[in-house]
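Overview (structure and organization)
The primary structure of each chain is shown beneath.
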Amino acid sequence: MKKVSDILNRKGRNVVTIDAATTVLDALKLMADKNIGAVVISEHGKYLGLMTERDYARKVILLGRSSHETPVREIMSTGLPRIVPESSIETCMHIMSESNIRYLPVFVDDELSGIISINDLVTETILSHLETIEHLKTYIQS
């Protein structure tokens, strides 16, 4: 059974982090530059939450707020379920589906260790299926 650690080993544990006082506009510029849909928000080096494209759409655009003036701390998602590297892919899919979220922070000993997205889960599932197919082909041909 595939685990979150498999995803982090494949894609890396690097996370893009910004300070909670950063403006939404600057966060969006960084996200566009890095081609990512979420960024970790921290204060004094401590994890606070995530700002996602969905947060921007729902908490800035739809409410008529200014991206130039609003700090990310005012719109970030907090209280997200925390997972560990030993969490299964299936568990993560269930959590994301039930909570209607697309990103999960991964923690080791209360320290942020990485972020996984729904796209990471789909990719890992596809890779796992391809691996199974190759094993079956090898078995049949031998």
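You'll find the structure just up there.
Residues numbered from 1 in each chain as written. Predicted model: local features only at pLDDT ≥ 70, side-chain atom pairs only at ≥ 80, totals over all residues. Heavy atoms only, no water.

Observations regarding the environment of Y47
What counts, and what does not: Only DSSP runs of H or I reaching four residues or more are called helices, and only runs of E reaching two or more are called strands; each is numbered from the N terminus. Two residues qualify as a contact provided that any one of their heavy atoms is within 4.5 Å of a heavy atom in the partner residue.
Locating Y47 in the fold gives a position in strand 3 (residues 46–52). Not counting the four nearest positions on each side in its chain, Y47 is found in contact with V40, I41, S42, L80, R82, P105, F107 and L112.

Considering the pairing of strand 5 (residues 111–117)
The cut-off we apply is this: Type-normalised accessible area, obtained with a 1.4 Å probe on protein chains alone, sets the label of each residue: buried when under 20%, exposed when over 50%, and partly exposed for intermediate values. Strand pairing is defined by DSSP finding a minimum of two bridges between the two strands.
Strand 5 sits mainly inside the fold: five of its seven residues count as buried. The pairing of strand 4 (residues 103–108) with strand 5 spans six bridges and is antiparallel. Its bridge partner being in strand 5, L104 is matched across the sheet by I116. Between strand 4 and strand 5, which follow one another and run antiparallel, lie two residues, and D109 among them has a positive phi close to 50 degrees.

Description of the pattern of salt bridges
Cut-off, in case you're wondering: For this analysis, a salt bridge means a side-chain nitrogen from Lys or Arg found within 4 Å of a carboxyl oxygen belonging to Asp or Glu.
A full pass over the atoms with the stated rule returns eight salt bridges. For K2, the salt bridge goes to E124, with nearest N and O atoms at 3.8 Å. A residue pair is termed long-range when its members are at least 10 positions apart, and K2 in the segment before helix 1 (4–11) and E124 in helix 5 (residues 118–141) qualify at 122 residues. You can call K2 partly exposed: its relative accessible area is 26%. We note a salt bridge from K11 to D120, for which the minimum N-O separation is 2.7 Å. Separated by 109 residues along the polypeptide, K11 in helix 1 and D120 in helix 5 bring together distant segments of the chain. Take D120: its relative accessible area is 10%, and that puts it in the buried class. Where salt bridges share partners, they join K2, R10 and E124 into one cluster.

Geometric descriptors of this kind do not, in isolation, establish any biological role.
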